[in-house]
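Next come the chains, spelled out residue by residue.
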Amino acid sequence: MASPPPIRQLHGMRGMSIKGRGVQSIEVGGRILIVLGSEARPMMLRDLALRAKLTPAQAHAYLLSLRRLELVEQDEVGRYRVGPFALTLGMARMWGSDPLKLAMQRLSQLAEDTGMMATILVFGTRGPTVVYVEEGANQIQVNVRAGTLYSLMGTASGRVFAAYLADSVARERIKAEIAEGPSQFMVGTPASLRAFGASNKKVRAAGYATTEGVPIPGINAVSAPVFDSAGRMQLAITLIGPAGAMSVEDESPFVAATVAFCAKLSADLGYDPKRLPGGEGAA
């Protein structure tokens with residue numbers, strides 16, 4: 001899957017949106033913490049200073065204060081790493097960040113930026129289920145509301161869930177859909193297990209799934225996953241719009257906006273693929 005923007009970029013973007021005069025020394029110290037937080041290994045002073053755009057002498061003075069606060073610690077060979085209090089702050093942030101609540105708070109911005117309908121889906125007892133909808137300026141005549149069920153293999157949202165669910169769970173859901181057959185209560189036509197493996201491979205490689213005119217003629221969709229700090233998929237964000245106004249090819253700005261939105265949300269929930277078993281893109 002395409003990985004989220006690096007931590008240092010995310011923090012930079014967040015800081016740029018906050019206007020007003022701040023305390024420069026705190027921001028410089030923050031640069032050091034951002035560099036340490038984006039590295040999975042302890043760092044020597046010279047390397048840390050270079051990354052934080054400081055001289056070694058400047059960095060050393062800041063590191064001394066950060067060590068006193070236990071935001072940074074130094075190992076037996078003199079390398080620096082994030083300290084125990086930074087972990088406490090991180091855990092407080094993660095426990096206080098409910099994925100659904102955070103997504104609902106931000107979804108209106110995605111709908112406003114793209115002009116398209118934006119939806120949040122979770123995996124419920126009967127498969128991918130819409131839990132929240134934000135209408136865009138580009139109104140479309142589709143009956144999507146909270147409680148709408150999506151087919152696992154017949155929709156972009158479903159294919160994203162299929163790619164990151166436990167294999168046994170996904171296969172059982174597909175079999176259940178086939179047994180139930182097409183339904184007026186579910187969006188998308190059930191598909192056979194034969195397409196399962198190829199679809200999963202494609203979604204994981206791209207980091208998203210799309211549909212063009214299927215299952216609703218004239219309507220396109222792009223869906224991407226949101227992960228938590230343990231690399232578990234928590235929900236899907238799906239953008240829906242008319243085919244004539246919303247392109248979904250690889251270079252589409254609507255695809256880029258959806259993927260970036262999910263990457264930022266995942267990062268704010270503590271997701272970092274480099275720190276998971278298997279490294280980059282382990283989820």
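Please read all numbers here as calculations on a predicted model, not as lab measurements.

Caption draft 1: Helix H6 (residues 99-114), seen in detail. Under the 1.5 Å per step criterion, the end-to-end length of H6 is 22 Å for 16 residues, consistent within 8% with the ideal 22 Å. Most pronounced at Arg-106, the bend in H6 amounts to some 40°. Among the residues of H6, those classed as buried are Pro-99, Leu-102, Ala-103, Leu-107, Leu-110, Ala-111 and Thr-114. The inward-facing, buried residues of H6 contact strand S3 (117-124), strand S4 (127-134), strand S9 (233-242) and helix H10 (253-268). Taken from the residues just after H6, Gly-115 is the one with a positive phi, measuring 80°.

Caption draft 2: Representation of unusual backbone geometry within the structure. Pro-215 follows Val-214 through a cis peptide bond whose omega is 5°. Inspection of the secondary structure assignment puts Pro-215 in the loop between strand S7 (209-212) and strand S8 (219-227). A positive phi is found at Glu-70, a non-glycine position, where the angle reads about 65°.

Caption draft 3: Main features of the nonpolar core. Val-144, Tyr-150, Tyr-164, Met-233 and Ile-240 are the most contacted members of the largest nonpolar core, which has 28 residues in total. Of all the elements in the fold, those that place two or more residues in this core are S3, helix H7 (156-164), helix H8 (167-180), helix H9 (196-206), S8 and S9. In terms of residue count, the dominant contributor to this core is H7 (six residues). Grouped together as the second largest cluster of nonpolar side chains are 23 residues, Leu-102, Ile-120, Tyr-208 and Val-255 included.

The rules we used
Residues numbered from 1 in each chain as written. Predicted model: local features only at pLDDT ≥ 70, side-chain atom pairs only at ≥ 80, totals over all residues. Heavy atoms only, no water. Helix = DSSP H or I, 4+ residues; strand = E, 2+ residues; numbered from the N terminus. Expected span 1.5 Å × (residues − 1). Bend = angle between axes of the 7 residues up to and from the residue. Buried < 20%, exposed > 50% of the residue type's maximum accessible area, 1.4 Å probe, protein only. Contact = heavy atoms within 4.5 Å. Core = buried A, V, L, I, M, F, W, Y, C linked by side-chain atoms within 4.5 Å.

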